[in-house]
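Now for the letters of each chain:
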Amino acid sequence: MRKIFIGNDHAGPEYAKTLITYLKEKNYEVEHVGSFGPESVDYPDFGEACARKVATQNAKKENSAFGIVICGTGLGIGISANKVKNIRCAHCVNSHYAEMARAHNDANMIALGARVIDIEDAKNIIDTFLTTQFEGGRHQRRVEKLNAINCN
Ligand code: RB5
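### Observations concerning the site of the ligand
Part 1 of the argument: Around the ligand, the structure places Asp9, His10, Ala11, Tyr43, Cys71, Gly72, Thr73, Gly76 and Arg115.
Part 2 of the argument: Taking Thr73, its main chain carries an N or O atom lying 3.0 Å from an oxygen atom of the ligand.
Part 3 of the argument: Protein contacts shield 71% of the accessible area of the ligand, which totals 290 Å² for the unbound molecule.
Part 4 of the argument: Its residues placed into classes, the shell around the ligand shows three nonpolar, four polar and two charged.

### A closer look at the pattern of salt bridges
Part 1 of the argument: All told, the structure shown has nine salt bridges when counted by the stated rule.
Part 2 of the argument: With its nearest N and O atoms 2.9 Å apart, the salt bridge here joins Lys3 to Glu31. A residue pair is termed long-range when its members are at least 10 positions apart, and Lys3 in strand β1 (residues 3–8) and Glu31 in strand β2 (residues 30–32) qualify at 28 residues.
Part 3 of the argument: Residue classification places Lys3 among the buried residues on the basis of a relative accessible area of 15%.
Part 4 of the argument: Residue Glu31 is classed as partly exposed on the basis of its relative accessible area of 24%.
Part 5 of the argument: When the shortest N-O distance is used, the salt bridge between Glu31 and Lys53 registers 2.9 Å. With Glu31 in strand β2 and Lys53 in helix α2 (residues 43–60), this pair connects stretches of sequence that are 22 residues apart.

Basis of the calculations
- Each chain carries its own residue numbering, running from 1 in the direction its sequence is written.
- The predicted nature of this model means local features are confined to residues of pLDDT at least 70 and side-chain atom pairs, given and counted, to a pLDDT of 80 or more, with totals for whole chains, interfaces and linings taken over all residues.
- Hydrogens are left out, water is left out, and the side-chain values use all remaining heavy atoms of the structure.
- By convention in these notes, a residue is near a molecule or strand provided one of its non-hydrogen atoms lies within 4 Å of it.
- Polar contacts here mean pairs of N or O atoms no more than 3.5 Å apart (in protein, one a potential hydrogen donor and the other a potential acceptor; neighbouring residues in sequence count only if both atoms are side-chain atoms).
- The Shrake-Rupley method, run with a 1.4 Å probe sphere, supplies the accessible areas, and residue values consider only the shown protein chains as cover.
- Under the convention adopted here, Pro, Cys and the residues Ala, Val, Leu, Ile, Met, Phe, Trp and Tyr are nonpolar, Asp, Glu, Lys and Arg are charged, and Gly plus all remaining residues are polar.
- We define a salt bridge as a contact between a side-chain nitrogen of Lys or Arg and a carboxyl oxygen of Asp or Glu at a distance within 4 Å.
- Helix and strand definitions follow DSSP, with helices as H or I runs of at least four residues and strands as E runs of at least two, each counted in order from the N terminus.
- The buried label applies to any residue whose accessible area, calculated with a 1.4 Å probe on protein chains only, is under 20% of its type's maximum; exposed applies above 50%, and partly exposed to all values in between.

Put into structure tokens, the structure is as follows:
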């Protein structure tokens, strides 16, 4: 089971806490990188912090970490995460997105909008994300091209 890092801005601390409890009940190891309270913060700080944790863990041991980032829409914090090398963060609004993000894009992070996705839907989206395998094959070449863009 991969370790899961969770990051959020002020739109998502309670949402994140609910998901952490849910994931711990499923025996996932979870680390919350903040933010922890309702005070206004900037999503790039927490998108980057979470993505760096995921990238560092995966550099130590390949495919050993996933990340979940949460802001109001999932957009800003997901864009932030994708600035980090070897991160493929997918903004998902339903389980089909999550399935494709894993199966075709080998996404290692997911971005969710706490203000637009019901928490029960978020649990289902995350379940799909965490349990869908990357298909490899022709998708492997495309993911390698994604990684190469980071290097330029
Ligand atoms: C913060 O109000 C909001 O802009 C942020 O949570 C996120 O939705 C940005 O993409």
